[in-house]
Amino acid sequence: MTDPLTAEVLRNALVVAAEEASIVVVRSAYSTFIVEGSDASAAVLDARGRLIAHSMATTLMNSMALKIALPELLEDHPPDTMRPGDVYALNDAYRGGVHTNDLLVYRPVFVGGSPAYFTATMIHVSDLGGLSAGGMAPLATDIFLEGLQLPPVRLATSQGLDPAVEAILKANSRTPDKVMGDVRALVAGTAVAAARLESLIAEYGERGLAEGVDDYLDHTEARTRAALEELPRGRFEAAYPIDDDGINPEKSHYIRVAVTLGDRAELDFAGTDPQVPAAVNASASQSLAAAVFAIRCFLDPTIPMNDGCLRAIDVHLPEGSLLNARSPYPCGGRYVPIYAAMEAVFQAMSDAVPERAIAASGILQPFSIAAVGAPYWIHLSYDFGGVGARRGLDGPDATGVHFGIGRNSVPQVEPVESRCPMVVESIETIPDSGGPGRHRGGLGSRTVYRFLADCHVTTRGDRLRLAPPGREGGLPGRLGGFYRRRLDGTVERLASKVNNVRFAAGEAFIVETTGGGGLGPPEERDREAVAADLDAGRVTARGAADDYGVVQSRSISSAGSKLTG
């Protein structure tokens, strides 16, 4: 039995090992999105497939993928066939992966001549084919249109990258040099984490490290169960819609969940709509991440995220549904269904624990901008919607409730403009976009990109037709959208899911995100809060009057203002 202090020291040391690996990947990668967005994940697992630790920047979407995919790797490459220096990779969505552009890379760490642990890294590499550059294929009707599928393969040995695998990756990319730069960064990250892990084995001994890991996983499980015991017992159901699948723009799809709370949490997504031949399905690892993230939002936030936490949470994902797609149904649009799953759990839990309730949120709106031909350049990004109002608090502006990206997933303006032929004309929040309520929903944002060269724009949005609803009398958030501003200044709205729309040099692409829903009746909002919103520009005078019944009047002889209503 490891004493609690030693177990905690070990836990943090393993987190630091993963954190250092993710930093190495970011600093070594070639893709703009990784370098400027710091979007890299790293984890430490054991040969039993348990998630031991992950970096601070690793999202649940990625750590769940790394966990679920490891047994698939070991099925194809048994541990007794592995040698020191071997590195493996895969991106198969049906075997734990995410989508074609997310490469999962593993390195075995040997103890007593056999793999006992694995260090793992993962990023969205620049391009691996498909309908659109950068891994965006919102109108894909099968997995084959989304890019290269890679089963578990040996990517490298102690002698370096496997030449055949390297040739395959380069042949399937519009940006082969960037892809191989990204791949080498992933391999380097696993090497750094493995070296740190080997140091811990040397310091604590094989048995000491193994016992320390067992103890803190058990401790995490105990803490998770204790937190669940504090919640009311019962069964709580909810559903959340998806706007459309891009192929049938007027047809919605639904995610349904029943959350049963007791000494463990059971989340059953039976009743969720079946998979469709469109890019709004998700792989099981991604849906598991959504469910775990959503339930953890109602637990003690200091509980570590590792395999111990997962022992107290059961998730049922019907095979062949939007949340557990099978081949050949596409999985690249996984954000759409899993964010609906997350929202459904949020609303079920808000019913269960009303003192922690949250209204629905605007979500991230992914898009890519790419050259129309060689030499290719790609800008891949997201903008975030407003968060729903929470009990006693307004929703944060333009941050989204998100669990699928890294530290800084919206790259800064200057690097984008230096790497791509475009000018970012403006970035601002949108007044009146937060759903009115006793507590206001967070604001959406508006970003304007003006192009200096012809390019293709691809989008994958949702909650742009069906607004995030408020709760308890709160009103919905304002809908966002994607727009083209033509050379003559006219503006047209694009569909939420479009593929390779050609823009001419001088035209502008406008991204507006959706605001979060409000909580409680708007007429109950504190008048000082309305005045503060007016002063800050979050609410306009018209919005204050229309949404809150508050009229602002200013005296000619005074700089002050007076609210009536």
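This one's a predicted model, so the numbers in the text were calculated from it and none came from an experiment. (Residues numbered from 1 in each chain as written. Predicted model: local features only at pLDDT ≥ 70, side-chain atom pairs only at ≥ 80, totals over all residues. Heavy atoms only, no water.)

I'm lost on the overall build of the protein chain in this one. Help?
Helix and strand counts for the protein chain stand at 11 helices and 22 strands. The globule rule puts the C-alpha radius of gyration for 565 residues at 24 Å, and the 24 Å found for the protein chain is close to it. Counting the 565 residues in the protein chain, one finds 60% classified as buried. For the protein chain, the share of sequence-separated contacts (at least 6 apart) that also reach a separation of at least 24 residues comes to 72%. Element-wise, carbon and sulfur atoms account for 52% of the exposed surface of the protein chain, whose accessible area totals about 20400 Å². Distance from the positive charge centre (52 side chains) to the negative charge centre (70 side chains) of the protein chain: 3 Å. (Helix = DSSP H or I, 4+ residues; strand = E, 2+ residues; numbered from the N terminus. Rg over C-alpha atoms; globule rule 2.2 N^0.38 Å. Buried < 20%, exposed > 50% of the residue type's maximum accessible area, 1.4 Å probe, protein only. Contact = heavy atoms within 4.5 Å. Areas by Shrake-Rupley, 256 points an atom, 1.4 Å probe, with all protein chains shown as cover. Lys, Arg positive; Asp, Glu negative; His and termini not counted. Charge placed at Lys NZ, Arg CZ, Asp CG, Glu CD.)

I would appreciate a short explanation of the side chain of Thr459 in the present structure.
Summarising the element assignment, Thr459 is placed in strand β16 (residues 455-460). In terms of polar contacts, Thr459 uses its side chain to reach the backbone carbonyl oxygen of Ser496, at 3.0 Å. Beyond its immediate sequence surroundings of up to four residues, Thr459 is in contact with Met136, Pro138, Pro366, Phe367, Phe482, Ala495, Ser496, Lys497, Val498 and Phe509. (Polar contact = N/O pair within 3.5 Å; in protein donor to acceptor, adjacent residues only side chain to side chain.)

For this particular structure, what's the right way to read the pairing of strand β1 (residues 41-46)?
Along any regular strand the residues' side chains alternate between the sheet's two faces. Most of β1 is tucked away, with 6 of its 6 residues classed as buried. In β1, alternate side chains face the same way, and those of Ser41, Ala43 and Leu45 on one face and Ala42, Val44 and Asp46 on the other are all buried. Relative to strand β5 (residues 114-124), β1 runs antiparallel, the two sharing 6 bridges. Each bridged residue has a counterpart across the sheet, and for Asp46 the counterpart in β5 is Tyr117. Note that β1 and strand β2 (residues 51-54) share 3 bridges and pair antiparallel. (Pairing = 2+ DSSP bridges.)

In this structure, what is going on with the confidence of the model for the protein chain? I would like to understand it.
Close inspection of predicted coordinates is inappropriate in any region flagged by low pLDDT. Confidence along the protein chain averages 93 in pLDDT terms, with 95% of residues attaining 70 or more. In the model, residues 555-560 has pLDDT below 50 throughout and makes 3 contacts with residues more than four positions away in sequence or in other chains. (pLDDT = per-residue confidence, 0-100.)

What exactly am I supposed to notice about the packing of aromatic side chains here?
Two aromatic rings, taken as a pair, are described by how far apart their centres are and by the angle between their planes. A complete count under the given rule lists 10 aromatic pairs for this structure. Taken together, Phe367, Tyr449, Phe451, Phe482, Phe503 and Phe509 form an aromatic cluster joined through their ring pairs. When the ring centre of Phe503 is taken as origin, the NZ or CZ atom of Arg484, which lies over that ring, is 4.4 Å away. (Phe/Tyr/Trp six-rings, centres within 6.5 Å; stacked < 30°, edge-to-face > 60°. Lys NZ or Arg CZ within 6 Å of the ring centre and 35° of its normal.)

I'm lost on helix α10 (residues 527-536) in this one. Help?
Residue pairs three or four apart in sequence face the same way in an α-helix, which turns once every 3.6 residues. Buried residues of α10: Val530, Asp533 and Leu534, and no others. The arc that holds every buried residue of α10, seen down its axis, measures 100°, which confines them to one face. Exposed residues pointing more than 90 degrees away from the buried face of α10 are listed as Glu528 and Asp535. Regarding α10, its N-cap is Asp526, as a side-chain oxygen of that residue lies 2.9 Å from the backbone nitrogen of Glu528 further along. The positive-phi residue at the C-terminal boundary of α10 is Gly537, with phi of around 80°. (Arc of directions from axis to C-beta.)

Help me understand the sheet that holds strand β13 (residues 378-383) in this model?
Each strand in a sheet pairs with its neighbour through backbone hydrogen bonds, running either in the same direction (parallel) or in the opposite one (antiparallel). Judged by pairing direction, the sheet is antiparallel, and its 4 strands sit side by side in the order β13-β12-β16-β19 without closing on themselves. In this open sheet, the two strands that pair with only one neighbour each are β13 and β19 (497-503). With strand direction ignored, the average angle separating the axes of adjacent strands in the sheet is 15°. Pairing geometry for β16 and β19, over 5 bridges, is antiparallel. From the neighbouring strand, Thr459 faces β19, where its bridge partner is Val498. (Axes fitted to C-alpha atoms, helices over the stretch in contact; angles between N-to-C directions.)

Which parts of the structure should I look at to understand the state of the cysteines?
Here is the idea: a disulfide is a covalent bond, and it sits between the sulfur atoms of two cysteines. A full pass over the atoms with the stated rule returns 0 disulfides. Unpaired in this structure, Cys420 has its nearest cysteine sulfur neighbour in Cys455, at a distance of 9.7 Å. Exposure remark for Cys420: the relative accessible area of 6% places this residue in the buried category. (Disulfide = S-S within 2.5 Å.)

Just checking my understanding: could you explain the pairing of strand β17 (residues 481-485) for this structure?
The buried fraction of β17 amounts to 4 of the 5 residues, a majority that puts the element mostly inside the structure. Relative to strand β20 (residues 508-512), β17 runs antiparallel, the two being bridged by 5 bridges. By the bridge assignment, Phe482 is partnered in β20 with Val511. Looking at chain direction, β17 and strand β18 (residues 491-493) are connected through 3 bridges and run antiparallel. Opposite Arg484, over in β18, you have Glu492 as the bridge partner. Linking two consecutive strands that pair antiparallel, namely β17 and β18, is a turn of 5 residues; a positive phi of about 95° is found at Gly489 within it.

Help me out: how do you make sense of the sheet that holds β20 in this one?
If you trace the 5 strands from one edge of the open sheet to the other, you get β14-β15-β20-β17-β18, paired in antiparallel fashion. Both outer strands of the open sheet, β14 (422-429) and β18, are each paired with one neighbouring strand and no more. On average, each strand axis in the sheet is tilted by 20° relative to the strand beside it, whichever way the strands run. Bridge count for strand β15 (residues 445-451) against β20 is 5 bridges, and the pairing is antiparallel. Counterpart to Thr447 in the pairing with β20 is Val511.

Looking at this model, I keep getting lost on the environment of Asp462. Mind explaining?
In this fold, Asp462 is placed in the loop between β16 and β17. Distance in space between the C-alpha atoms of Asp462 and Pro337 is 9.7 Å, their sequence separation being 125 residues. Setting aside chain neighbours within four positions, we find Asp462 in contact with Pro241, Ile242, Asp243, Asp244, Val336, Ile363 and Lys497. For Asp462, the side chain forms a polar contact with the main-chain nitrogen of Asp243, separated by 3.1 Å. Here Lys497 takes part through its side chain, which lies 3.2 Å from a polar atom of the side chain of Asp462.

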